[in-house]
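Working through the structure, step by step
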2 protein chains.
Amino acid sequence: MTDKADGQIMIPEEEKRLESQLCFAVYSAAHAFNRAYKPILDRVGLTYPQYLVMLVLWEKGALSVKTIGEKLDLDSGTLSPLLKRLEQAGLISRARDPKDERQVIISLTEKGTDMKCQVGMIMDAIGQATGCDMAEMANLRDRLQQLKANLAAD
Amino acid sequence: MTDKADGQIMIPEEEKRLESQLCFAVYSAAHAFNRAYKPILDRVGLTYPQYLVMLVLWEKGALSVKTIGEKLDLDSGTLSPLLKRLEQAGLISRARDPKDERQVIISLTEKGTDMKCQVGMIMDAIGQATGCDMAEMANLRDRLQQLKANLAAD
DNA sequence: CACGATTTAATCGTGCGCAATATTTATTTT
DNA sequence: AAAATAAATATTGCGCACGATTAAATCGTG
């Protein structure tokens with residue numbers, strides 16, 4: 001970045017191009033992950049966002065829709081129909097919190113709980129699709145989290 | 001990865017968790033980028049995927065639907081309606097290739113060509129939303145491209 | 001030349017992702 | 001207590017993303 005005499009800030013052309021390329025790389029890698037996970041998740045009838053919700057529930061137990069949304073960065077417009085489909089599939093149940101009837105508490109059914117081991121075993125099949133060692137994966141994860149935080153900060 | 005005596009390959013629990021975390025980090029960073037670009041692109045009435053198509057056309061000139069799809073990793077099911085909307089907006093035109101009537105050649109209209117500078121200037125406003133310096137951006141870009149290549153290789 | 005196989009786009013159905021709006025319940029103000 | 005405000009979820013509408021199917025044009029081989 002170069003400060004010009006008039007105080008206006010200019011971004012060099014190359015920097016703009018790099019940001020575009022990074023954005024596309026992230027966009028494109030997300031699609032690639034989706035495609036890699038899809039055949040695995042198809043076997044248990046889950047989509048990737050549905051799988052994320054199940055992951056959260058397996059780890060944390062029953063949660064409100066809002067809490068799930070905060071953890072996954074998704075709003076009710078996305079979650080409501082998604083949760084309805086998970087309920088339809090018999091994996092979760094929804095109930096109003098008696099303490100605060102505005103909240104809907106999502107909890108796992110027995111079928112939903114059982115799916116954890118099933119998916120865990122199936123996930124072994126994905127092997128090392130990333131082709132990264134653990135240090136590289138951890139490093140990439142951290143950098144992306146930082147990137148996301150920077151972007152969210154505006 | 002550890003090879004067991006029976007030849008079966010087991011992925012340690014931690015490695016599986018890391019891969020999940022990396023996948024989510026990519027998924028989540030992609031959404032963050034989208035949210036960062038959206039207010040900018042809204043000003044010119046483009047979505048991010050539409051913007052990607054325009055970028056390709058600005059760089060390469062007229063292209064077939066298939067070529068655009070290869071560059072962006074999108075299929076005709078995604079591109080056909082998207083291109084229809086860009087045509088509706090008066091930014092591109094579509095014509096069958098006289099040499100091979102199967103192909104549809106997408107070319108920029110004057111309005112579409114003009115939009116390049118307009119968007120370029122607006123994109124300056126995004127500043128350094130990533131919070132990364134150029135070396136960092138280039139490094140992340142390259143590693144994500146490698147990751148994508150590994151995932152695509154299955 | 002003919003006919004089956006391949007290539008290229010378009011279409012359809014399902015499921016996100018998100019903005020805008022509505023609805024219901026809870027909380028705060030007056 | 002009544003009215004205003006806020007919070008949590010649901011609904012609607014639009015635009016990807018992708019698999020599956022369809023239709024038309026081209027190519028390959030006998």
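What this report covers is the structure whose coordinates are included nearby. (Residues numbered from 1 in each chain as written. Chains lettered and ligands numbered in written order. Predicted model: local features only at pLDDT ≥ 70, side-chain atom pairs only at ≥ 80, totals over all residues. Heavy atoms only, no water.)

**Some thoughts on the interface of chain A and chain B**
- With 55 residues of chain A in contact, the opposing surface of chain B contributes 55 residues.
- Counting the surface lost from both chain A and chain B, the interface buries some 6,000 Å², and carbon and sulfur atoms represent 66% of this.
- For chain A, the biggest contributors to the area lost against chain B are A:E19, A:F33 and A:L151; these three give 11% of the whole.
- Counting across the chain A and chain B interface gives four salt bridges.
- Across the pair B:D73 and A:R35 runs a salt bridge, and its minimum N-O distance is 2.7 Å.
- On inspection of chain A and its partner chain B, the count reaches 14 residue pairs in polar contact (both at pLDDT 80 or more).
- Of all the secondary structure elements, the ones that give two or more residues to the side of chain A that touches chain B are α1 (13-42), α2 (48-60), α3 (65-72), α5 (110-124) and α6 (134-153) of chain A.
- At 22 residues, the largest contribution of residues to the side of chain A that touches chain B is made by α1(A).
- Among the residues making up the side of chain A that touches chain B, the classes are represented as 32 nonpolar, eleven polar and twelve charged. (Contact = heavy atoms within 4.5 Å. Buried area = accessible area lost by both parts, 1.4 Å probe. Salt bridge = Lys/Arg side-chain N within 4 Å of Asp/Glu carboxyl O. Polar contact = N/O pair within 3.5 Å; in protein donor to acceptor, adjacent residues only side chain to side chain. Helix = DSSP H or I, 4+ residues; strand = E, 2+ residues; numbered from the N terminus. Nonpolar A, V, L, I, M, F, W, Y, C, P; charged D, E, K, R; others polar.)

**Concerning the sheet that holds strand β3 (residues 63-64) of chain A**
All names here are of chain A.
- Taken in spatial order, the three strands make up an open sheet running β3-β5-β4, and their pairing is antiparallel. Each edge of the open sheet is held by one strand with a lone partner, namely β3 and β4 (92-96).
- Examined bridge by bridge, β4 and strand β5 (residues 104-108) share five bridges and lie antiparallel to one another. Bridge pairing in β5 places S93 opposite S107.
- Strands β4 and β5 of the sheet are contacted by helix α4 (residues 76-88), whose axis makes an angle of about 120° with β4. (Pairing = 2+ DSSP bridges. Axes fitted to C-alpha atoms, helices over the stretch in contact; angles between N-to-C directions.)

**So, helix α2 (residues 48-60) of chain B**
All names here are of chain B.
- Over its 13 residues, α2 extends 18 Å from the first C-alpha to the last, a length consistent with the 18 Å expected when each residue adds 1.5 Å.
- Among the residues making up α2, those that are buried are Y48, Q50, Y51, L52, V53, M54, V56, L57 and W58.
- Just past α2, the residue G61 takes up positive phi, approximately 80°. (Expected span 1.5 Å × (residues − 1). Buried < 20%, exposed > 50% of the residue type's maximum accessible area, 1.4 Å probe, protein only.)

**Section: the packing of aromatic side chains**
Residue and element names in this part refer to chain A.
- The full count for this structure, using the stated rule, is twelve aromatic pairs over all chains.
- Relative to Y37, the ring of F33 lies with its centre 5.9 Å away and its plane at 65°, an arrangement referred to as edge-to-face. Here F33 and its partner Y37 are both found in helix α1, four residues apart, which amounts to about one turn of the helix. We note that F33, like Y37, is buried.
- Ring geometry for Y37 and Y51: centres 6.4 Å apart, planes at 50°, overall tilted. (Phe/Tyr/Trp six-rings, centres within 6.5 Å; stacked < 30°, edge-to-face > 60°.)

**A few points about the protein's contact with DNA strand D**
- Looking at DNA strand D, there are 29 residues lining it, with A:Y27, A:K66, A:S80, B:T47 and B:R85 nearest.
- When atoms of DNA strand D within 4 Å of the protein are split into backbone and base, the sugar-phosphate part holds 77%.
- For DNA strand D, a phosphate oxygen lies 3.3 Å from a polar atom in the backbone of A:V65.
- Residue A:K66 places a main-chain N or O atom 2.7 Å away from a phosphate oxygen belonging to DNA strand D.
- Elements that contribute at least two residues to the surface near DNA strand D include exactly α1, α3, α4 and β4 of chain A together with α2 and α4 (76-88) of chain B. (Near = heavy atom within 4 Å.)

**What about the relation of the copies chain A and chain B?**
- Rotating chain A by 180° about the axis while translating it 0.0 Å along that axis superimposes it on chain B, leaving an RMSD of 0.1 Å. The transformation relating the two chain copies, once decomposed into turn and shift, fits a two-fold axis.
- Looking at chain A, 98% of its interface residues are interface residues in chain B too, so the copies touch through the same face. (Least-squares fit on C-alpha atoms with pLDDT ≥ 70 in both.)

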